[in-house]
Amino acid sequence: MSATNVSRIAIAACVAASTVLLLAGPAAAHVSVQPQGEAAKGGYATLNFKVPNERDQASTVKLEVNFPADHPLSSVTPEAVPGWKIAITKGKLDKPLEVHGRKITEAVTKVTWTADGSKIAPGYFQQFPVSVGQLPEDADQLVFKAIQTYDNKEVVRWIEEPKGGEEPDSPAPVLKLTAATEDHHGGAADPAGDDKGDHKADDQAASAEGDKGDKKETHAASSSSDTTARTLGIIGILIGIAGVAFGVLAGRRRTA
């Protein structure tokens, strides 16, 4: 195959790949929600609301996330995001929640992030973390309707719930829930963790002892080398003195 043909094929492949990216880009660029690790039923989780900027000439300056009213969450704690102010809206519950033996009469209905010295510029995205719980045990997913505002006053409403297999034009962020875990904290603890820590400590102690032993051996070897060098030096000096004395005596004998 000639170099010209190879170049033509490479160019065609690049064009095809670019076309696929252009077609797939707008469909994937919407506000979404993903858990850090698992979002198990009945447990707690940290969620990341990912907000991409879809505009070339405007920056995102506000995000509003509405929490599901049909499955209210007793605990919603957003993480501070540099350059953004956070406002939490709560509402009374028609039916109080009972969590860890106490009744919860109100829950967070909306969290709003407003730019305060920062923006989501064109070509960038921002994540807004929130710790939530206790997740419902009688649902497979939670829908969070979101509203994105740009600095040119444009408002995009990501509020359409998915129906069937097709994704709507402005889909709302959907959190898929996994099966409940025994500890109800979204993940099981590692039972071998302590043993690993003990083994690690033992290994470190053994390594330290080995280093000490190596240092002792090195010191001993160094001391032995120094002693040998000194001995050889003294012998050399004596030999030199003897040589000089022999030369002087020989000279006197010749003169006599």
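Asker: Just checking my understanding: could you explain the sheet that holds strand β5 (residues 84-99) for this structure?
Answerer: Paired through backbone hydrogen bonds, the strands of a sheet run either parallel or antiparallel to each other. One open sheet accounts for five strands, arranged β5-β6-β3-β9-β10; its pairing is antiparallel. Of all strands in the sheet, those bounded by a partner on one side alone are β5 and β10 (155-158). Taken over all neighbouring pairs, the strand axes of this sheet differ in orientation by 15° on average, direction set aside. Relative to strand β6 (residues 102-115), β5 is paired through 12 bridges, and the arrangement is antiparallel. By the bridge assignment, Glu98 is partnered in β6 with Lys103.

Asker: Where do I start with the pattern of salt bridges in this structure?
Answerer: Pairing is possible between side chains of opposite charge, provided their charged atoms come close. In this structure the tally under the stated criterion is seven salt bridges. One salt bridge in this structure joins Glu64 and Lys62, with 4.0 Å as the shortest N-O distance. Exposure remark for Glu64: the relative accessible area of 13% places this residue in the buried category. Take Lys62: its relative accessible area is 28%, and that puts it in the partly exposed class. Two residues, Lys145 and Glu161, come together in a salt bridge whose shortest N-O distance is 3.9 Å.

Asker: Even after reading the chapter, I still don't get the pairing of strand β9 (residues 145-150), so can you show me in this structure?
Answerer: A regular strand places its side chains so that they alternate between the two faces of the sheet. Counting buried residues in β9 gives five out of six residues, a clear majority hidden from the surface. Relative to β9, strand β3 (residues 60-66) runs antiparallel, the two being bridged by six bridges. By the bridge assignment for β9, Asn66 is matched with Lys145. As paired elements, β9 and β10 share four bridges and run antiparallel to each other. For Ala146, the partnering residue across the bridge sits in β10 and is Trp158. Where β9 hands over to β10, the hairpin turn is made up of four residues, of which Lys153 adopts a positive phi near 80°.

Asker: Could you clarify how one ought to interpret the packing of aromatic side chains in this entry?
Answerer: The geometry of an aromatic ring pair is captured by two quantities: the separation of the ring centres and the angle between the planes. This structure, assessed with the given rule, holds six aromatic pairs. Consider the rings of Phe49 and Phe67, whose centres lie 6.5 Å apart with planes at 70°: the pair is edge-to-face. Linking Phe49 in strand β2 (residues 45-52) with Phe67 in the loop between β3 and β4 (75-78), this pair joins segments that are 18 residues apart in sequence. Exposure remark for Phe67: the relative accessible area of 8% places this residue in the buried category. Taken together, Phe49, Phe67, Trp84, Trp113, Phe128 and Phe144 form an aromatic cluster joined through their ring pairs. The positively charged end of Lys50 is found above the aromatic ring belonging to Phe125, 4.6 Å away from the centroid.

Asker: I tried to follow the nonpolar core on my own but got confused; where do I start?
Answerer: Inside soluble globular proteins, nonpolar side chains tend to come together where they are buried. Within the largest apolar cluster, 32 residues are counted, with the highest numbers of intra-cluster contacts made by Phe49, Phe67, Trp113, Phe128 and Phe144. A per-element tally of this core places β2 first, with four residues. Ignoring any residue separated from it by four or fewer positions in sequence, one finds Phe128 in contact with Leu47, Asn48, Phe49, Val51, Leu63, Val81, Trp84, Trp113 and Ile120.

Asker: For this particular structure, what's the right way to read the environment of Thr105?
Answerer: Mapped onto the fold, Thr105 is located in strand β6. Sequence separation of Thr105 and Ser74 is 31 residues, and the distance between their C-alpha atoms is 8.9 Å. Leaving out residues up to four positions away in the same chain, Thr105 has contacts with Gly91, Lys92, Leu93 and Pro96.

Asker: Got a minute to help me understand the environment of Thr178 in this structure?
Answerer: Looking at where Thr178 falls in the secondary structure, it is placed in the loop between β11 (174-176) and α2 (193-255). Relative accessible area serves as the criterion here: at 30%, Thr178 is assigned to the partly exposed category. Between the alpha carbons of Thr178 and Lys41 there is a distance of 6.1 Å; along the sequence they are 137 residues apart. Residues in contact with Thr178, not counting those within four places in the same chain, are Glu38, Ala39, Ala40 and Lys41.

So, how was this worked out
Residues numbered from 1 in each chain as written. Predicted model: local features only at pLDDT ≥ 70, side-chain atom pairs only at ≥ 80, totals over all residues. Heavy atoms only, no water. Pairing = 2+ DSSP bridges. Helix = DSSP H or I, 4+ residues; strand = E, 2+ residues; numbered from the N terminus. Axes fitted to C-alpha atoms, helices over the stretch in contact; angles between N-to-C directions. Salt bridge = Lys/Arg side-chain N within 4 Å of Asp/Glu carboxyl O. Buried < 20%, exposed > 50% of the residue type's maximum accessible area, 1.4 Å probe, protein only. Phe/Tyr/Trp six-rings, centres within 6.5 Å; stacked < 30°, edge-to-face > 60°. Lys NZ or Arg CZ within 6 Å of the ring centre and 35° of its normal. Core = buried A, V, L, I, M, F, W, Y, C linked by side-chain atoms within 4.5 Å. Contact = heavy atoms within 4.5 Å.

These figures come from the coordinates and say nothing about function on their own.
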